[in-house]
Amino acid sequence: MNHTADEAQHRRAVAFRDLHTGPRPFVVPNPWDAGTATLLAGFGFAALATTGAGLAYSLGRPDGTVSRAEILDNARSIVEATGLPVTADLESGFADKPADIAETIRLAAAAGLVGGSIEDSSGRADDPIRPLDEAVERVAAAVEAARRLDFPFTLTARAENFFQGRPDLDDTIRRLKAYEEAGADVLYAPALPDAEAIRAVCSAVDRPVNVLMGGALKLSVTELGALGVRRVSTGSALSRAALGALTRAAREISELGTFGFGADALPYAEANGLLAPAPSADRESDPAP
């Protein structure tokens, strides 16, 4: 049975779709729980994306060990925390068969999401990228399921070559063009190594391109826009930045016995203020008890 969107989800979906055609690239940062989603929403971002790796780390596990149910429960909490459009890292669809990929898209919609990505990684260390024909069939199944929804679900197709240690730009572009032909709304090749590779990808396709930032590649939003990028995500980088701060603090305590990390910590009152729920109009109008 298909999910029926309410008015709010439909509105979020249209807003997210339209962001891809705006005058400049937009950044869709990746919170890993309701708290970090609330913090990011407070900085004025127009949309958010989940991170499978960030969620796994928060659960004390490595990337690639989170189930579909866990991903979607996490996504639902992020949607409910902010009311912003949210797209999800749906990994490899949590399935091999196209019919099961379609079910993942339907469940994503039911969780309140307005977009999601399907990647072409296989999960096999000896052969980490799926054959192109198989990958295209899976993207096509996801696209068909998305089109059957009663709101514009933005389907992103990911070519994982560079992320999986296969730096083959020609094959990456070949795959992205095939996913575009299969109907994907956004194209994404994480871990592209430099500006020229990004320019080559953006020039080769007609659909909006998402680029992953937050690692060694140092380009601004303006510079990415000049290369043809339409959307910028941070993947697990924000969660790893938080883990980096925690690790440095723990190392200072355990090795030096000092607590200098506290100088860089978010002040207690500020943390409470940033995460305090906004008062509703009804509550503001109620007489004091």
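Everything discussed here concerns the structure shown above.
The paragraphs below set out a description of the structure included in this document. (Residues numbered from 1 in each chain as written. Predicted model: local features only at pLDDT ≥ 70, side-chain atom pairs only at ≥ 80, totals over all residues. Heavy atoms only, no water.)

## Description of the packing of helix H2 (residues 34–41) against helix H4 (residues 68–82)
- At a minimum axis distance of 8 Å, the contact between H2 and H4 shows a crossing angle of 40°. For the element pair H2 and H4, the recorded crossing hand is right-handed. Note on element contacts: H4 touches H2 through Ser77, Ile78, Ala81 and Thr82, opposite Ala34, Ala37, Thr38 and Ala41.
- Taken together, the residues of the contact of H2 with H4 sort by class into five nonpolar, three polar and no charged. (Axes fitted to C-alpha atoms, helices over the stretch in contact; angles between N-to-C directions. Helix = DSSP H or I, 4+ residues; strand = E, 2+ residues; numbered from the N terminus. Left-handed = near helix turned anticlockwise from the far one by under 90°. Contact = heavy atoms within 4.5 Å. Nonpolar A, V, L, I, M, F, W, Y, C, P; charged D, E, K, R; others polar.)

## Observations concerning the pairing of strand S5 (residues 154–158)
- Burial runs high along S5: five of the five residues are buried.
- Across the two faces of S5 the burial is the same, with Thr154, Thr156 and Arg158 and Leu155 and Ala157 all buried.
- By the bridge criterion, five bridges tie strand S4 (residues 115–119) to S5 in an arrangement that is parallel. Its bridge partner lying in S5, glycine 115 is registered against threonine 154.
- What joins S4 to S5 is helix H6 (residues 132–147), and the crossover it makes is right-handed.
- Sheet topology places S5 next to strand S6 (residues 186–188); three bridges connect them, and they run parallel. Of the residues in S6, the one forming a bridge with arginine 158 is tyrosine 188. (Buried < 20%, exposed > 50% of the residue type's maximum accessible area, 1.4 Å probe, protein only. Pairing = 2+ DSSP bridges. Right-handed = clockwise from strand over helix to strand, strands pointing away.)

## Considering a nonpolar patch on the surface
- A surface patch of nonpolar side chains, about 290 Å² in accessible area, is lined by Ile253, Phe259 and Phe261.
- By the element assignment, phenylalanine 261 lies in the loop between helix H10 (237–256) and helix H11 (268–275).
- Residue classification places phenylalanine 261 among the partly exposed positions, given a relative accessible area of 34%. (Patch = residues over 30% accessible without salt bridge, like charges linked within 9 Å, V, L, I, M, F, W, Y side chains within 5 Å. Areas by Shrake-Rupley, 256 points an atom, 1.4 Å probe, with all protein chains shown as cover. Salt bridge = Lys/Arg side-chain N within 4 Å of Asp/Glu carboxyl O.)

## Some thoughts on helix H5 (residues 98–110)
- With 13 residues, H5 extends 19 Å between its outermost C-alpha atoms, agreeing within 8% with the 18 Å of an ideal straight helix rising 1.5 Å per residue.
- Elements in contact with the buried residues of H5: helix H1 (7–19), H4, S4, H6 and S5.
- Where H5 ends, the next residue or the one after it, glycine 112, has phi of about 100°, a positive value. (Expected span 1.5 Å × (residues − 1).)

## Some words on empty space enclosed by the protein
- On inspection of all chains with the given rule, the structure shows one cavity of 30 Å³ or more.
- Computed from the structure, the largest cavity encloses a volume of approximately 30 Å³.
- Those elements that provide at least two residues to the lining of the largest cavity are S4 and H6.
- Considering every element that reaches the lining of the largest cavity, the biggest residue donor is H6, with three residues.
- A breakdown of the residues in the lining of the largest cavity according to their chemical character gives four nonpolar, no polar and four charged. (1 Å grid on protein atoms, 1.4 Å probe; cavity = no way out; pocket = protein on both sides within 12 Å on 5 of 7 lines; lining within 4 Å. Points joined across faces, edges and corners; volume = space filled by probe spheres on them.)

## Section: the pairing of S4
- With five of five residues buried, S4 lies mostly within the body of the structure.
- Side-chain alternation along S4 places Gly115, Ser117 and Glu119 on one buried face and Gly116 and Ile118 on a second face that is also buried.
- In the sheet, strand S3 (residues 86–89) pairs with S4 via three bridges, with the strands oriented parallel. Across the sheet, alanine 88 pairs through a bridge with glycine 116, a residue of S4.

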